[in-house]
Amino acid sequence: MKHNYKYSLDRSSKKFVCPNCNKKTLVKFVDNETNHYLNSTDGRCDRESKCGYFKKPTSNCITNINNCITEVIQPSYHNRKVLQDYCNTKQQSNFISYLLKHFEPKAVSRVVDLYYIGTTNYWHRATIFWQIDTKNVIRGGKIMQYNCGTGKRVKQPFNHVSWIHKQLKIKNFILQQCLFGLHNVNRITKKGTICIVESEKTAIIMSIIVPSFLWLATGATGVFIGFQIVFFK
Ligand SMILES: [Zn+2]
């Protein structure tokens, strides 16, 4: 079969060193005419939750547009039904229990609704932080486990971070992350204040303490590549 695209992500299992995280997890782009790899920076890192690096080839696309189309990799997304499936009201996640020890139920309930904070038994009473973009498309659901007494993340005997597409065993899910809380950008007025913090937990707690600001989180991926931030329309 003839390739339709000038560049595609390499379909072999060969991995290269990722320019972002320096692990050997980069899937490079291949020039389908020459079968050669492109440069060492165009590619997608397999460590989607910890790194998320994804850079598409951009050069040489001026003269002949027909011969020069990069394969468009569509990110996967979840059906909105998952929000209901995991908004378990009978069993609180450890994170919600922790919040309820420190804040008014009404204030906690407000942020649960605002961010659609979910609960899953992937780990017992674990929390789901959905990444929903400005078009209300659900890009992913990050699963994390917290200690309900201290509110700290459970990192022993391993770091408890996973994704709902892994729990649902969705094959070939292309995770393209966005800022946590991004869907709420549409609610804010031009003069509104947006604050970006690292952790989802901080964004939630600050949203309770300072509800007049909009709190977003980068989710500790360390990179902004692939994030779509449209604050000023
Ligand atoms: Zn990487």
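Residues numbered from 1 in each chain as written. Predicted model: local features only at pLDDT ≥ 70, side-chain atom pairs only at ≥ 80, totals over all residues. Heavy atoms only, no water.

Trainee: Run through the overall build of the chain, naming residues and quoting values.
Mentor: Along its length, the chain carries 5 helices and 12 strands. Counting all 233 residues of the chain, 45% fall into the buried class. Across the chain, the fraction of contacts at a sequence separation of at least 24, relative to all contacts at a separation of at least 6, is 55%. In the form shown here, the chain has an accessible surface area of approximately 13,100 Å², with 53% of it arising from carbon and sulfur atoms. (Helix = DSSP H or I, 4+ residues; strand = E, 2+ residues; numbered from the N terminus. Buried < 20%, exposed > 50% of the residue type's maximum accessible area, 1.4 Å probe, protein only. Contact = heavy atoms within 4.5 Å. Areas by Shrake-Rupley, 256 points an atom, 1.4 Å probe, with all protein chains shown as cover.)

Trainee: I'd like a description of unusual backbone geometry, backed by residues and values.
Mentor: In this structure, P157 follows Q156 across a cis peptide bond, with omega equal to -5 degrees. By the element assignment, P157 lies in the loop between β9 (138-144) and β10 (161-163). Here the phi dihedral of N22 falls at roughly 65 degrees; this positive angle occurs in a residue that is not glycine. For N22, the location among the structural elements is in the loop between β2 (16-17) and β3 (24-31). Look at N22 and you get exposed, because its relative accessible area is 57%. Backbone geometry at N35 places phi at a positive 60 degrees, although glycine is not the residue there. With respect to the element layout, N35 can be found in the loop between β3 and β4 (36-37). With relative accessibility at 60%, the residue N35 sits in the exposed group.

Trainee: Which residues make up the packing of aromatic side chains, and what values do they have?
Mentor: Two measures describe an aromatic ring pair: the distance that separates the ring centres and the angle between the ring planes. This structure, assessed with the given rule, holds 10 aromatic pairs. Aromatic side chains Y86 and W130 sit 6.4 Å apart centroid to centroid with 55 degrees between the ring planes, which places their arrangement in the tilted category. Within this pair, whereas Y86 is found in the loop between α1 (81-85) and α2 (94-102), its partner W130 is found in strand β8 (residues 126-132), the two being separated by 44 residues in sequence. Just as Y86 is buried, W130 falls in that class too. Among the aromatic residues, those joined into a ring-pair cluster are F95, Y115, F129, Y146 and F180. When the ring centre of F54 is taken as origin, the NZ or CZ atom of R44, which lies over that ring, is 6.0 Å away. (Phe/Tyr/Trp six-rings, centres within 6.5 Å; stacked < 30°, edge-to-face > 60°. Lys NZ or Arg CZ within 6 Å of the ring centre and 35° of its normal.)

Trainee: Account for the pattern of salt bridges, with residues named and values stated.
Mentor: For the structure shown, the criterion picks out 7 salt bridges. Between E200 and K142 there is a salt bridge; the shortest N-O distance is 3.0 Å. Here E200 is found in helix α5 (residues 200-209), whereas its partner K142 is found in strand β9, with 58 residues between them in sequence. Each member of the pair E200 and K142 is classed as buried. Several salt bridges converge on common partners, so that one network encompasses K6, D31 and E33. (Salt bridge = Lys/Arg side-chain N within 4 Å of Asp/Glu carboxyl O.)

Trainee: Requested: an account of the confidence of the model for the chain, with residues and values cited.
Mentor: Looking at the chain, the pLDDT average stands at 85 and 85% of residues meet or exceed 70. Of the regions scoring below 50 in pLDDT, residues 60-70 engages in 14 contacts with residues more than four places distant in sequence or in other chains. (pLDDT = per-residue confidence, 0-100.)

Trainee: Lay out the pairing of β9 in plain terms, naming residues and giving numbers.
Mentor: Within β9, 7 of the 7 residues are buried, which leaves it mostly tucked inside the rest of the structure. Here β8 pairs with β9 via 6 bridges, running antiparallel. The residue bridging I128 from the neighbouring strand is I143, located in β9. Where β8 folds back on β9, the antiparallel hairpin that results is connected by 5 residues, among which N136 adopts a positive phi of roughly 65 degrees. Direction of pairing for β9 relative to β10: antiparallel, over a ladder of 3 bridges. Its bridge partner being in β10, K142 is matched across the sheet by W163. (Pairing = 2+ DSSP bridges.)

Trainee: A description of the pairing of strand β11 (residues 194-197) should follow, citing residues and the corresponding values.
Mentor: Residues C195 and V197 of β11 are buried on one face, while the alternating residues I194 and I196, pointing to the opposite face, are not. In this structure, β11 lies alongside strand β12 (residues 214-217), joined through 4 bridges in parallel fashion. Counted as the bridge partner of V197 is A217 from β12.

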